Amino acid sequence: MKAHYFTYGIIDSTKHEVSNTSNFSKYAIIDLKKVYEKLDSKAIFISDNNKNKCQIVGGNRIECPVKFNIDGSSSFFPIDISFLVQLWGADMIIAQKGFL
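In this text the structure is predicted, and so the values were computed from the model without any measurement.

Caption draft 1: Spatial organisation of a nonpolar patch on the surface. A cluster of nonpolar side chains, contributed by Phe 6, Tyr 8 and Ile 10, occupies part of the molecular surface with about 260 Å² of accessible area. Here Ile 10 lies in strand β1 (residues 5-11). Here Ile 10 falls in the partly exposed class, since its relative accessible area comes to 34%.

Pasting the structure below:
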């Protein structure tokens, strides 16, 4: 299965006070088809470089680190939403609050 959209959000309370949540401090819905295109063209690339954050390299590519879940069960790569917008415009972002 391949997703078409990625949703990400940060709520306005701690994980211990979820019942008190009333809003998202930040959220974004990202068009993954456009992200997949950037991955295929190597404009976004994954590098096991022991860094904790993405970085723009060469002025037009995003290098994303490999990160591992605390329990070691899986890994993932983060993409900085503001970098997507900076390099390729807001059309990758379907909706957002607090990132731009």
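There's more to say after this.
Caption draft 2: Spotlight on the pattern of salt bridges. Evaluation of the coordinates by the stated rule reveals one salt bridge. With its nearest N and O atoms 3.3 Å apart, the salt bridge here joins Asp 91 to Lys 34. Linking Asp 91 in the loop between α2 (81-88) and β8 (93-97) with Lys 34 in helix α1 (residues 32-40), this pair joins segments that are 57 residues apart in sequence.

Rules of the game
Residues numbered from 1 in each chain as written. Predicted model: local features only at pLDDT ≥ 70, side-chain atom pairs only at ≥ 80, totals over all residues. Heavy atoms only, no water. Patch = residues over 30% accessible without salt bridge, like charges linked within 9 Å, V, L, I, M, F, W, Y side chains within 5 Å. Areas by Shrake-Rupley, 256 points an atom, 1.4 Å probe, with all protein chains shown as cover. Salt bridge = Lys/Arg side-chain N within 4 Å of Asp/Glu carboxyl O. Helix = DSSP H or I, 4+ residues; strand = E, 2+ residues; numbered from the N terminus. Buried < 20%, exposed > 50% of the residue type's maximum accessible area, 1.4 Å probe, protein only.

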